[in-house]
Amino acid sequence: MDVWEKCRSWTASHLQETGRACYYRAISDTFDGTEVAFEGRRVIMAASHDYLGLAADSRVREAAVAAVRRFGTSLGGSRAVSGSLGLHEELEERLARFLGQEAAAVLPSGYQANLMLSPLLDKGDYVFSDLSNHASLDEAIRLGDAEERKFLHSNMKHLEELLSSAAEGAGKTILTDGIFSVDGDICALPALMRLADAHRAHVVVDSSHDLGVLGPTGAGAAEHYGLQPLLITSALSKSLASVGGVIAGPREVIRYLRFHARTSLFTAAASPANVAAALAALDILQTEPERRRRVLDLAEKLHNGLRALGYDTGASTTPVVPVLIRGRERCLRMWHTLCQAGVFTAPMTYPGVRAGREVLRVTLTAAHTDEQLARLLAAFEKAGLAEGILPRNDRW
């Protein structure tokens, strides 16, 4: 059989029939980071993880432009050979200090930052991973040689059972998201750290969705709880309004990974524009805490508004707001209906979520207004009634 045979059925009509045509849809313009032009209409962008609303900030944009003027668009090589700038080192030093770690390494993407973990997962070791962790953590496990044990989402009893069943004397690593990217709930880091101490395991936290959002200074889930895991990873594409990733931890660990992680050794360096943008965004994150307060306030209002309408947003109390729809076809119809009503959301279906747990993931940023929030809630009410998700009342 031709190995490409499986590709031929994925025609445009197949995508339309299966509902997948709602993905990879292009927007034609953006307006202040809160609204976009999409297929002839201007809609509220409620599917972006630009939590602090900095991607459209003039200071961040100008920093990126200045870096391009000075260094060009690409460095033409890996960090190990010809792609390192003082700009990279400055961002690494700043992020390490911000995250309370000794050292950090910056990668071209958050996905690659998590793949950089794989050399730590040796044959004979065990790695314990929350079932709801991001796909990049799953991929790091596949690249490593450790034996994988998945524990039920935030289920400490199950994790303890798995830890207890591991071979005595084996190395153990526990992987978790800080804020889970679909459910929006915060990891039980204190309980994880207690179990790690009891079983001589190391904890790694992916803070992609909580950096800039949680903690007294916005340093993420670890700061939120006043704890310090072994390693922290994060994307730079959320609160830091750029593209890239970081892994921060003990100096000797970061040094070892720089020379053993293929994801670092054999990839071109993060572009000067992206590094400069992240540095500018970090400055704003640290000097304008009102942005963090604003996005958390909007998230609370969004949760309360959706729940008042009759929607289920689960255990989340964060800016990641999962609106439970149930049923792939209904979820994708709801996405389309909301687009028609002026709101762009993120439909999450299998394999992104378990079948029967389909959600529309909704996120607002610090730049969104209360008026846009009101319009979003009105659109959800209208769409929910049209799709039969909400019960009708006298108004309809």
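Our structure is the block above this text.
Not measured: the values here are computed from a predicted model. (Residues numbered from 1 in each chain as written. Predicted model: local features only at pLDDT ≥ 70, side-chain atom pairs only at ≥ 80, totals over all residues. Heavy atoms only, no water.)

Visitor: Would you take a moment to explain the overall build of the chain for this structure?
Guide: Summing up its helical and strand segments, the chain has 14 helices and 14 strands in all. Computed over C-alpha atoms, the radius of gyration of the chain comes to 22 Å, within 12% of the 21 Å expected from 2.2 N^0.38 for 396 residues, which places it in the range of a compact globule. Judged by the C-alpha coordinates and their principal axes, the chain covers about 65 × 55 × 55 Å. Within the chain, the proportion of its 396 residues that are buried is 55%. Considering only contacts within the chain whose residues lie at least 6 apart along the sequence, 68% involve residues at least 24 apart. (Helix = DSSP H or I, 4+ residues; strand = E, 2+ residues; numbered from the N terminus. Rg over C-alpha atoms; globule rule 2.2 N^0.38 Å. Buried < 20%, exposed > 50% of the residue type's maximum accessible area, 1.4 Å probe, protein only. Contact = heavy atoms within 4.5 Å.)

Visitor: Just checking my understanding: could you explain the nonpolar core for this structure?
Guide: Phe128, Leu159 and Ile174 are the most contacted members of the largest nonpolar core, which has 64 residues in total. Looking at which element gives the most residues to this core, the answer is helix H11 (residues 272-287), with 11 residues. With residues near it in sequence (within four places) discarded, phenylalanine 128 still touches Arg149, Phe151, Leu159, Leu162, Leu163, Ala166, Lys172, Thr173, Ile174 and Leu175. (Core = buried A, V, L, I, M, F, W, Y, C linked by side-chain atoms within 4.5 Å.)

Visitor: How should I be thinking about the side chain of asparagine 114 in this particular structure?
Guide: Structurally, asparagine 114 can be placed in helix H4 (residues 110-115). Residue asparagine 114 is classed as buried on the basis of its relative accessible area of 1%. The residues contacting asparagine 114, other than those within four sequence positions of it, are Ser136, Leu137, Ala140, Asp206 and Thr233.

Visitor: Explain the packing of aromatic side chains to me, please; I cannot follow it from the model alone.
Guide: A ring pair, where both rings are aromatic, is described by two values, the distance of the centres and the angle of the planes. Per the stated rule, a full pass over the model turns up five aromatic pairs. Between tyrosine 126 and phenylalanine 128 the ring centres are 6.2 Å apart and the planes differ by 15°, which places this aromatic pair in the stacked class. A relative accessible area of 10% places tyrosine 126 in the buried class. Plain terms: the ring middles of tryptophan 335 and phenylalanine 344 are 5.9 Å apart, the flat faces sit at 85° to each other, and that makes the pair edge-to-face. Residue classification places tryptophan 335 among the buried positions, given a relative accessible area of 2%. Taking the relative accessible area as the measure of exposure, phenylalanine 344 reaches 12% and is therefore buried. Clustering of aromatic rings is evident, with ring pairs tying together Phe38, Trp335 and Phe344. (Phe/Tyr/Trp six-rings, centres within 6.5 Å; stacked < 30°, edge-to-face > 60°.)

Visitor: Looking at this model, I keep getting lost on the environment of arginine 8. Mind explaining?
Guide: Here arginine 8 shows up in the segment before helix H1 (12-18). Under the relative-accessibility criterion, arginine 8 is labelled partly exposed at 46%. Between the alpha carbons of arginine 8 and alanine 46 there is a distance of 34 Å; along the sequence they are 38 residues apart.

Visitor: When you look at the packing of helix H3 (residues 86-98) against H11 in this model, what are you seeing that I'm missing?
Guide: To characterise two packed helices, one gives the angle between the axes of the helices and the distance between these axes. The geometry of H3 relative to H11 is characterised by a closest axis approach of 10 Å and an angle of 30° between their N-to-C directions. Of the two possible hands of crossing, H3 and H11 adopt the one that is left-handed. Of the residues in H11, those touching H3 at Leu87, His88, Glu90, Leu91, Arg94, Leu95 and Phe98 are Pro272, Val275, Ala276, Ala278, Leu279, Leu282, Asp283, Leu285 and Gln286. For the contact of H3 with H11, the class distribution of residues is 11 nonpolar, two polar and three charged. (Axes fitted to C-alpha atoms, helices over the stretch in contact; angles between N-to-C directions. Left-handed = near helix turned anticlockwise from the far one by under 90°. Nonpolar A, V, L, I, M, F, W, Y, C, P; charged D, E, K, R; others polar.)

Visitor: Could you clarify how one ought to interpret the environment of lysine 382 in this entry?
Guide: With respect to the secondary-structure elements, lysine 382 resides in helix H14 (residues 370-386). The spacing of lysine 382 and threonine 337 is 45 residues in sequence and 9.0 Å in space, taken between C-alpha atoms.

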